[in-house]
Amino acid sequence: MDSSKAALAGVRVLDLSRVLAGPWAGQLLADLGADVVKVERPGAGDDTRAWGPPWFGEGAQRLAAYYISCNRGKRSVAIDIATAEGQALVRQLAAEADVLLENYKVGQLAKYGLDYATLSALNPGLVYASVTGYGQDGPYAPAAGYDFAIQATGGLMSVTGEKDGTPGSQPQKVGVAVADLFTGVYATTAVLAALHRRQATGRGCHIDAALLDTQVAMLANQAGNHLVGGMRPKRMGNAHLNVVPYQVFGTRDGHIVLAVGNDGQFGRFCQLAGHPEVATDPRFASNEGRITHRTDLIPVLAGWMLERTTAEWTALLEPNAVPCAPILELPEVFEHPQVVHRGMKISMDGMPMVATPMRFDGERPVADQPPPRLDQHGEAIRAALASGQGWPAR
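Residues numbered from 1 in each chain as written. Predicted model: local features only at pLDDT ≥ 70, side-chain atom pairs only at ≥ 80, totals over all residues. Heavy atoms only, no water.

Visitor: Sorry if this is basic, but what is going on with the sheet that holds strand 9 (residues 246-250) here?
Guide: Backbone hydrogen bonds are what pair the strands of a sheet, in a parallel or an antiparallel way. In space, the 3 strands of this open sheet follow the order 9-10-11, with antiparallel pairing throughout. Two strands bound the open sheet, and with one partner strand each, they are strand 9 and strand 11 (324-326). Pairs of neighbouring strands in the sheet enclose a mean axial angle of 25°, with direction left out of account. Each of strand 9 and strand 10 (255-259) touches helix 12 (residues 294-305); the most contacted strand, strand 9, lies at about 45° to it. (Pairing = 2+ DSSP bridges. Helix = DSSP H or I, 4+ residues; strand = E, 2+ residues; numbered from the N terminus. Axes fitted to C-alpha atoms, helices over the stretch in contact; angles between N-to-C directions. Contact = heavy atoms within 4.5 Å.)

Rendered as structure tokens:
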């Protein structure tokens with residue numbers, strides 16, 4: 001996207017975060033056009049710089065794939081915030097920043113004079129976003145927060161995995177760090193709302209973004225099933241608590257997702273499968289009935305699905321608006337014609353990465369530079385601050 005069209009052109013973001021949730025928010029803001037300066041520990045930098053293999057590049061210049069996934073569009077400066085000199089540099093940057101992202105333990109930045117109260121006194125318009133595991137208050141506030149633990153404590157693992165009694169059944173985490181990622185997205189949304197409000201008030205605010213709060217909010221209909229219906233949702237494998245049939249089925253040569261969301265789709269599915277009478281059976285004619293009689297219906301459907309290959313079912317069902325999908329592995333995902341057409345795989349300086357999923361007027365915003373090497377921009381940034389120029393120009 002042309003930088004002149006960037007939604008956040010002119011917005012300055014000071015990113016003191018590391019690992020995933022905070023950096024994910026910083027990358028989203030960078031893709032939208034913000035100028036993001038990432039402050040890292042001298043010598044080591046963000047923890048994820050060491051989270052390889054796989055690596056891109058060689059020797060001292062190599063970058064871990066994990067780090068690349070959430071740090072494009074940023075400039076890197078190495079600053080030791082435990083020193084008075086380092087604290088002064090961060091305060092200089094914060095004095096001109098619009099947004100500050102941090103994910104230190106609660107109270108840790110106050111020891112260095114880099115907390116919200118101190119920095120907002122220097123810059124009343126500062127939007128200061130703190131990302132932690134459990135939030136800024138409460139009995140668990142001092143505890144370190146890790147995505148895996150949050151998925152456990154926040155209930156997600158209790159509804160993820162094969163049902164009890166199935167061989168190998170146990171609570172299961174999701175295959176990516178969804179609590180971190182969702183918190184990064186929620187934090188970005190809050191930052192944008194705070195920037196909008198600042199236009200009217202002239203003042204920033206302190207955003208308290210907690211992984212546990214986000215995970216509880218992400219329970220969505222599962223939380224509703226409990227709060228409204230008094231239910232205690234359990235693991236159901238790939239089945240859905242509120243919709244039937246909505247799960248994985250075996251086929252003649254593999255597996256397929258069948259995601260029938262309403263009675264009309266179920267009727268078409270039965271017709272196409274050659275068993276229209278099942279859709280008019282009083283037990284199965286409505287979704288409520290299919291839920292009630294799930295144990296009678298699913299074995300019947302499972303038998304039908306074994307009669308065709310995954311490709312045959314897909315070719316039969318998709319054109320007739322019966323939701324279904326093959327289960328692709330990562331190489332096939334990036335070869336999928338729709339993923340290719342939409343341009344979700346991008347490259348910057350030869351580094352392959354995934355684009356931001358949003359488009360503006362048909363254009364996909366992408367940050368203007370690849371993930372930085374540690375302290376890649378440090379000399380220029382420190383020189384600008386030392387000379388009194390303030391926030392350094394890109």
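Visitor: What am I meant to see in a nonpolar patch on the surface here?
Guide: A grouping of L330, F334 and V354 is seen on the molecular surface, where their side chains present a nonpolar patch of about 260 Å² in accessible area. Here F334 shows up in the loop between helix 14 (330-333) and helix 15 (337-342). (Patch = residues over 30% accessible without salt bridge, like charges linked within 9 Å, V, L, I, M, F, W, Y side chains within 5 Å. Areas by Shrake-Rupley, 256 points an atom, 1.4 Å probe, with all protein chains shown as cover. Salt bridge = Lys/Arg side-chain N within 4 Å of Asp/Glu carboxyl O.)

Visitor: I tried to follow the packing of aromatic side chains on my own but got confused; where do I start?
Guide: Given two aromatic rings, one states the distance between the centres and the angle between the planes to describe the pair. Inspection of the entire model under this criterion finds 6 aromatic pairs. Aromatic pair Y116 and Y128: ring centres 5.7 Å apart, planes at 70°, arrangement edge-to-face. Of the two residues, Y116 is situated in helix 4 (residues 116-122) and Y128 in strand 7 (residues 127-132); the sequence distance between them amounts to 12 residues. Since its relative accessible area comes to 2%, Y128 is described here as buried. With 5.6 Å between their ring centres and 40° between their planes, Y134 and Y140 make a pair best called tilted. Given a relative accessible area of 55%, Y140 falls into the exposed group. (Phe/Tyr/Trp six-rings, centres within 6.5 Å; stacked < 30°, edge-to-face > 60°. Buried < 20%, exposed > 50% of the residue type's maximum accessible area, 1.4 Å probe, protein only.)

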